[in-house]
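# Inside the fold
Here's the letter readout for the chains.
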Amino acid sequence: MGEDSRLAAVVALAQGMAAAQSSREAWRAAAGGACRALGGSFAALSVWERELGRLRVLVNVGELAEGEEGFPDDESYPVHQFAEITEFLHERWAGGGEPDAWVEAAEGPAEGRPGYCHQRVAALRRRGRGCCVVAPIVLHGRAWGELYVARPVGVPVFGRGDADFATVLAAVVAAGIAQTERLEEARRLAFTDALTGLANRRAVDARLDEAIERHRRDGAVVSLVVCDVNGLKKVNDTLGHAVGDRLLERFGSVLSLCGAMLPGALAARLGGDEFCLLSVGPSADEVVKAADEVCRRAVDLGIGDGVACGVASTEDPVGPVHSARRLFRLADAAQYRAKADRSDRPVVAGREGLDDPVVRLADEPPRGADGERRRFRGRHSP
């Protein structure tokens, strides 16, 4: 491959990783781009999990051997079988060298590269491959993992020039991984409540829109539990805001624990003393049971005055739910009723039929700021 072709391959690899929307997409773009650039038939990207002492394969691309998967659930290898990741590299760095790639061949050591080849060679033979080039990936000054590209039996073995090029590709992959990690951290922060660690309002809005679309498409049950922590202002005024924050954190833990009763449920803090659980799939009765547990455990916190909890589900007789806004208004109205009645149990929209006062409250036209009607929150208000 000429210099121009290699430059184009590097650019394509970098662009592919930059376009990735998730870590998995970035891993696949990295392995696939390197495989094409080096004329390989197979490539893998692995991470060194120091705390577990193993190399874990993140992605395999190309011609997979028996037992190999694109995104394996648990393909990993004890790191002592590939000691170069921990020993050889560190020795070279300590001596001022660089984390260069190296070549292994099924016939044995290639290019005069000493040591650490027996496991690689055995793997090549077992999977019917002729040679491989292994390039360490260095991130933040530490060995992060490795890029592995193989060729089949009967084609030219990788040479020193290929190993040097693999070293360059590994550096590009490292830069792409760092960028992906920064973007995912930014996304995580954008969708996470800083105080409780739960999802935030932005995350709920996005997930609820998707859930309602799924409900409209295939009838999936979508349920929303809205909770207000009672007595937060009194706690802040009498015991201080640090204790009030502690109350919110502890209730967030309760909500997360009870949310685990509903597979895939999203526990979130909407803001202030308002929290919610969003469930897709479980029945309305299962959601009410989880909400009842939330109320019970909230009383046992020892500070505050429990919670006011409202539930709305597309499975209950609340009329058509064609928008996230309507489900939110139903749950909000149920929560408002629970607070007004000082109920220590969840109030569920629609359980008294279509003439349910909660449903009427949710659907009646909003009044002005001077009216008695509660104004529902944020973007879900008309």
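Below is a short write-up of the structure. Owing to the predicted nature of the structure, the values given are computational and were not obtained by experimental measurement.

Let us look at the overall build of the protein. Summing up its helical and strand segments, the protein has 11 helices and 12 strands in all. Taken over 382 residues, the protein has a buried fraction of 51%. When the accessible surface of the protein is summed, it comes to about 18200 Å², and 50% of that surface belongs to carbon and sulfur atoms.

Pairing within the open sheet is mixed, and its 5 strands lie in the order β9-β10-β8-β11-β12. Edge positions in the open sheet fall to β9 (266–271) and β12 (347–348), since each of these has one partner strand only. Of the pairings in the sheet, the one linking strand β8 (residues 222–229) to strand β11 (residues 307–313) comprises 7 bridges and is antiparallel in character. By the bridge assignment, V226 is partnered in β11 with G310. Where helix α6 (residues 201–218) meets the sheet, it contacts β8, β9 and β10 (274–280), and its direction lies at approximately 130° from that of β9.

A few words on the pattern of salt bridges. Taken as a whole, this structure holds 21 salt bridges when the rule is applied. Taking the shortest distance from any N to any O, the salt bridge between R297 and E293 comes out at 2.9 Å. One end of the pair is R297 and the other is E293, both in helix α9 (residues 284–299) and 4 residues apart, which spans about a single turn. Among the residues examined, E293 registers a relative accessible area of 19% and is labelled buried. Its salt-bridge partner being R326, residue D363 comes within 2.7 Å of it at the nearest N-O pair. Of the two residues, D363 sits in helix α11 (residues 357–363) while R326 sits in helix α10 (residues 324–340), which places them 37 residues apart along the sequence. Residues participating in the shared-partner salt-bridge network are E49, R54, R56 and D74.

Right, let's talk about the layout of surface pockets for a bit. By volume, the second largest pocket amounts to about 200 Å³. If you trace the second largest pocket, you find it lined by N230, C295, V299, D305, G306, V307, K339, R342, S343 and D344. A breakdown of the residues in the lining of the second largest pocket according to their chemical character gives 3 nonpolar, 3 polar and 4 charged.

Structurally, E249 can be placed in helix α8 (residues 241–259). Note: C-alpha distance between E249 and G197 (52 residues apart in sequence) is 8.4 Å. Apart from the residues within four sequence positions on either side, E249 is in contact with L195 and T196.

To continue, consider the pairing of β10. Counting buried residues along β10, 6 of its 7 residues qualify, which places the element largely inside the surrounding structure. Relative to β10, β8 is paired through 7 bridges, and the arrangement is antiparallel. Looking across to β10, one finds that V222 is bridged to V280. As paired elements, β9 and β10 share 5 bridges and run antiparallel to each other. Paired with R269 across the two strands is F275, which belongs to β10. Linkage of β9 to β10, two consecutive antiparallel strands, is achieved through a turn of 2 residues, within which G272 is found at a positive phi near 55°.

Calculation rules
Residues numbered from 1 in each chain as written. Predicted model: local features only at pLDDT ≥ 70, side-chain atom pairs only at ≥ 80, totals over all residues. Heavy atoms only, no water. Helix = DSSP H or I, 4+ residues; strand = E, 2+ residues; numbered from the N terminus. Buried < 20%, exposed > 50% of the residue type's maximum accessible area, 1.4 Å probe, protein only. Areas by Shrake-Rupley, 256 points an atom, 1.4 Å probe, with all protein chains shown as cover. Pairing = 2+ DSSP bridges. Contact = heavy atoms within 4.5 Å. Axes fitted to C-alpha atoms, helices over the stretch in contact; angles between N-to-C directions. Salt bridge = Lys/Arg side-chain N within 4 Å of Asp/Glu carboxyl O. 1 Å grid on protein atoms, 1.4 Å probe; cavity = no way out; pocket = protein on both sides within 12 Å on 5 of 7 lines; lining within 4 Å. Points joined across faces, edges and corners; volume = space filled by probe spheres on them. Nonpolar A, V, L, I, M, F, W, Y, C, P; charged D, E, K, R; others polar.

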